[in-house]
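Spelled out from the first residue to the last, the chains are:
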Amino acid sequence: MLQAEIVTRRHPGPVASGVAPSTSCREQKSAPSATPALSPIDARADNRAMNESLKNAAAGAAFGQLSLSASTLDNLGQLGYSAMTPIQAASLPLALAGRDLIAQASTGSGKTVAFGVPLVEKLDPAQWQVQALVLCPTRELADQVTLEIRRLARAHGNIKVVTLCGGVALRGQTLSLEHGAHVVVGTPGRILDHLERGHLSLAAVRTLVLDEADRMLDMGFFFYIAQVAKLCPTDRQTLLFSATYPEGIDRLAAQFMRTPQSVKVQAQHAADKIRQHFYEVKSNERLATVARLLNHFRPESTLAFCNTKQQCRDLVALLQGQGFAALALYGELDQRERDQVLVQFANRSCSVLVATDVAARGLDIAQLDAVINVDCTPDAEIHVHRIGRTGRGEAEGLALTLASLDEMGSVGKIEQLQGREVVWQPLDSLTQAAGGPLKPPMATLQILGGRKEKIRAGDVLGALTGELGYTREQIGKININEFSTYVAVDRAIAKQAEAKLAAGRIKGRSVKVRLL
């Protein structure tokens, strides 16, 4: 069950933060002046109009009830978007009316469409200037957002969306900007880098989006966000999306938003949709119990949450020592390592992804069978966000939580938020299921060569199914980045496919291949 709460927050107009931009940035635009707030009478009338729009756009309602162009509605239908999710129903009427918005919803709730649709509706394809800017905490999220905006904008003519993130050479991004762009999606640090070098102008921005704003604040990006926001026109629309509501959100709203309305969609997962089991453990048996859970339930894909990076390392070492295909995701990984971990988990080459909350934010993994809370988080809302990654769509999910005696207070908070008592299971009910060691169905081959070498997914699939004789059913996801291509293959043929592909050719060229 999902509940949407609409709140109008009164904030003073934007004020200077006291942080001066660099000289090259300051030449683009001076610091913003205060923006007048609505009068109480105007605000009440405006809120009544918004409330009426919200009634007409209830969760599950069709997009046709909104004031959208015919081309947008037709495109949404072609993309399979027939009904609005709760966050879309709550936020789209406000965003389409031009209001600044603070929207609180979990990952995977449909928030990209919630800000992508109004962003695209305001674009002028004939104007080759940056009209919309989306800030994201990580490159993975920026790539996901870029792909979705391109899909949403395909009915609006030749719309160019550019991704600007770290871990990629500046030169290619600079050349892309020189040819013009309508939308820029990127991480705050790299966006500011381009601004300071004079490669990017925000003078024509109509929409500024802060996606996963709480994660950006966790990563220390407040300074960068403040610098970038100062360089956007003061009459822009600002849309802020966040899973939680830390203190820094109010600081951002006070400085850079104009009388924003707040929308909160609180997820309450139905007991018959996500099965939740709680187990009482002693601290010294916590990690070993994770292995017992995996051997008992045998989920094909599991996301295990730890509270610390060290615990992530320790758990992965234990699981790998017992033969599980487990990988860790935490803040100290470089971009190449992070890319490889995420590719393997998403393409079903890795059974267990062990991650901290911060590192896992922004991930949208389809068909996640189970979530394991290795620790019981003290924040009940984070618990709800964690387990909400499984059981999406028509699928059912499994959420398993380990709690020691000193975490019972946290369990009580979860019970209070969910409105029901948790279900405890005895540890001795965990038995080794039949079937031998738990192995993922796929394995990943890395090909040294990617977009720079103009390799396409069709080239790789053609080589494997044509010259090498494998079936399409034996080939899984194919991911291509700047310098590498990752292809998932049936685990039974992985070593043979590695040797054959290394001895063969792709696009008439020999390639180097290794099995991850």
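Please read these numbers as outputs of a predicted model, since none were measured by experiment.

**Things to note about the sheet that holds strand S18 (residues 513–515)**
Point 1. Reading across the sheet, the 4 strands line up as S16-S17-S15-S18 and stay open at both edges, with antiparallel pairing between neighbours. Only two strands of the sheet have a single neighbouring strand rather than two, namely strand S16 (475–480) and S18. Recorded for the sheet is a direction-independent mean angle of 20° between the axes of neighbouring strands.
Point 2. As defined by bridge partners, S16 adjoins strand S17 (residues 484–490) across 4 bridges and the pair is classed as antiparallel. Across the sheet, residue Ile475 finds its bridge partner in S17, namely Val489.
Point 3. Docked against the sheet, helix H14 (residues 335–346) engages strand S15 (442–448), S16, S17 and S18, running at close to 140° with respect to S15.
Point 4. Here helix H19 (residues 494–503) sits on the sheet and contacts S15, S17 and S18; the angle it forms with S18, its principal contact strand, is near 170°.

**Some thoughts on the pairing of strand S11 (residues 326–329)**
Point 1. As paired strands, S11 and strand S12 (residues 352–356) are joined by 4 bridges and run parallel to one another. From the neighbouring strand, Ala326 faces S12, where its bridge partner is Val352.
Point 2. Following the backbone out of S11, through H14 and into the adjacent parallel S12, one traces a crossover that is right-handed.

**Notes on the sheet that holds strand S13 (residues 370–373)**
Strand pairing in a sheet relies on backbone hydrogen bonds. The paired strands run either parallel or antiparallel.
Point 1. Spatially, S9-S14-S13-S10-S12-S11 is the arrangement adopted by the 6 strands of the open sheet, whose pairing is parallel. Every other strand in the sheet has two partners, leaving strand S9 (274–280) and S11 as the edge strands with one partner each. Pairs of neighbouring strands in the sheet enclose a mean axial angle of 20°, with direction left out of account.
Point 2. Sheet analysis places S9 next to strand S14 (residues 397–403), joined by 7 bridges and oriented parallel. In the strand pairing of S14, Phe278 is matched with Thr401.
Point 3. Together, S9, strand S10 (302–306), S12, S13 and S14 form the strand contacts of helix H12 (residues 286–297), whose direction differs from that of S14 by roughly 155°.
Point 4. With respect to the sheet, helix H17 (residues 408–418) is in contact with S9 and S14, its orientation differing from that of S9 by roughly 160°.

Cut-offs and rules
Residues numbered from 1 in each chain as written. Predicted model: local features only at pLDDT ≥ 70, side-chain atom pairs only at ≥ 80, totals over all residues. Heavy atoms only, no water. Pairing = 2+ DSSP bridges. Helix = DSSP H or I, 4+ residues; strand = E, 2+ residues; numbered from the N terminus. Axes fitted to C-alpha atoms, helices over the stretch in contact; angles between N-to-C directions. Contact = heavy atoms within 4.5 Å. Right-handed = clockwise from strand over helix to strand, strands pointing away.

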